Amino acid sequence: EDLCRLEEQSSDHYMGAIVLQAEDRKSFQIIDGQQRVTTLSIFVLAAIDLLRTRAQDGDEAANNRQRAELLEASYIGARDAVSLRVESKLRLNHHDDAFYRNNLTQRVAPASKRTLRDSERLLWECFEFFRARLAEKFRERNGEAVAKFVERTEGLVFIAIRVEDELSAFT
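The shown structure was predicted, so the numbers you read here are calculated from the model rather than taken from an experiment. (Residues numbered from 1 in each chain as written. Predicted model: local features only at pLDDT ≥ 70, side-chain atom pairs only at ≥ 80, totals over all residues. Heavy atoms only, no water.)

Asks: Help me understand the overall build of the protein chain, please; the structure alone is not making it clear to me.
Replies: For the protein chain, the helix and strand inventory stands at 7 helices and 5 strands. Taking 171 residues into account, the globule formula puts the C-alpha radius of gyration at 16 Å, and the protein chain, at 17 Å, falls close to it. Across the 171 residues of the protein chain, 40% fall into the buried class. Excluding contacts between residues fewer than 6 apart, the proportion of contacts in the protein chain whose partners are at least 24 apart in sequence is 59%. Accessible area of the protein chain: about 10,400 Å², with a carbon and sulfur share of 49%. (Helix = DSSP H or I, 4+ residues; strand = E, 2+ residues; numbered from the N terminus. Rg over C-alpha atoms; globule rule 2.2 N^0.38 Å. Buried < 20%, exposed > 50% of the residue type's maximum accessible area, 1.4 Å probe, protein only. Contact = heavy atoms within 4.5 Å. Areas by Shrake-Rupley, 256 points an atom, 1.4 Å probe, with all protein chains shown as cover.)

Asks: Where do I start with the sheet that holds strand β2 (residues 28-32) in this structure?
Replies: Two pairing modes exist for strands in a sheet, parallel and antiparallel, and in both the strands are linked by backbone hydrogen bonds. Read from one edge of the open sheet, 3 strands run β2-β1-β5, paired in mixed fashion. Because the sheet does not close on itself, it has two edges, and the strands there are β2 and β5 (156-163). Neighbour-to-neighbour, the strand axes of the sheet open up by a mean angle of 40°, direction not taken into account. Note: strand β1 (residues 13-22) against β5, 7 bridges, orientation parallel. Looking across to β5, one finds that Ile18 is bridged to Ala160. (Pairing = 2+ DSSP bridges. Axes fitted to C-alpha atoms, helices over the stretch in contact; angles between N-to-C directions.)

Asks: Would you mind going over the side chain of Ser41 with me for this structure?
Replies: Residue placement: Ser41 occurs in helix α2 (residues 34-56). The class of Ser41 is buried, set by a relative accessible area of 9%. Engagement of the side chain of Ser41 in a polar contact is seen with the side chain of Tyr100, the distance being 2.9 Å. Once residues within four sequence positions are removed from consideration, Ser41 is found in contact with Ile76, Leu90 and Tyr100. (Polar contact = N/O pair within 3.5 Å; in protein donor to acceptor, adjacent residues only side chain to side chain.)

Asks: Which parts of the structure should I look at to understand the layout of surface pockets?
Replies: One way to see where empty space is left: roll a probe the size of a water molecule over the atoms. Roughly 1,100 Å³ of volume is contained in the largest pocket. As for the largest pocket, its lining consists of 26 residues, and the residues nearest its centre are Ile30, Val37, Tyr75, Lys89 and Leu90. Where the lining of the largest pocket is concerned, the elements lending two or more residues are β1, β2, α2, α3 (61-76) and β5. In terms of residue count, the dominant contributor to the lining of the largest pocket is α2 (5 residues). Residue classes in the lining of the largest pocket are distributed as 14 nonpolar, 8 polar and 4 charged. (1 Å grid on protein atoms, 1.4 Å probe; cavity = no way out; pocket = protein on both sides within 12 Å on 5 of 7 lines; lining within 4 Å. Points joined across faces, edges and corners; volume = space filled by probe spheres on them. Nonpolar A, V, L, I, M, F, W, Y, C, P; charged D, E, K, R; others polar.)

Asks: How should I be thinking about the pairing of β2 in this particular structure?
Replies: Looking along a regular strand, one sees the side chains alternate between the two faces of the sheet. Where β1 lies against β2, 4 bridges are found, and the strand directions are antiparallel. Across the sheet, Leu20 pairs through a bridge with Ile30, a residue of β2. Remark: 5 residues form the turn of the hairpin made by β1 and β2, two consecutive strands paired antiparallel.

Asks: Explanation requested: the packing of aromatic side chains in the structure shown.
Replies: The description of an aromatic ring pair rests on the distance of the ring centres and on the angle between the ring planes. In this structure the tally under the stated criterion is 6 aromatic pairs. Site record: aromatic cluster; members linked through ring pairs are Phe43, Phe129, Phe130, Phe138 and Phe149. Here Lys137 stacks its cationic end above the ring of Phe138, 5.7 Å away from the centre of that ring. The ring centre of Phe149 lies 5.2 Å from the NZ or CZ of Lys137, which sits over that ring. (Phe/Tyr/Trp six-rings, centres within 6.5 Å; stacked < 30°, edge-to-face > 60°. Lys NZ or Arg CZ within 6 Å of the ring centre and 35° of its normal.)

Here you go:
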């Protein structure tokens, strides 16, 4: 709903605070806000999947494939030259990271939902939810509209609170 509201307004949309602990100059551990960041990344993955599906169906195949690749590189991560797998910019907690990397970033359905842990099932259901909503929303519109909708997420505003250590985060 926040994303749909953002599309309708010209101003930015406040998403709350996230608390970050610097690991180095370019890497941060998300102390608070991981769910929001993860949800947004799953939204982008669902949009990429929609664009790839449209390309496979012959709908502006080259353009939609290129849109999907650009969104993936920009928001999710780069492909490894050897494995051709997406190396995600986002790492989840140790319980969910493997599922996120192996299934969500690669958009590979789990063999069986029954074998998933609750958190993995919820992550996959989030992907399916966004995928269905995007397919419905853009049924009559082209891939360019999908890409514009994703890029509008740049209007989501977070307050980033950087802390030195975990103890400071809770203070």
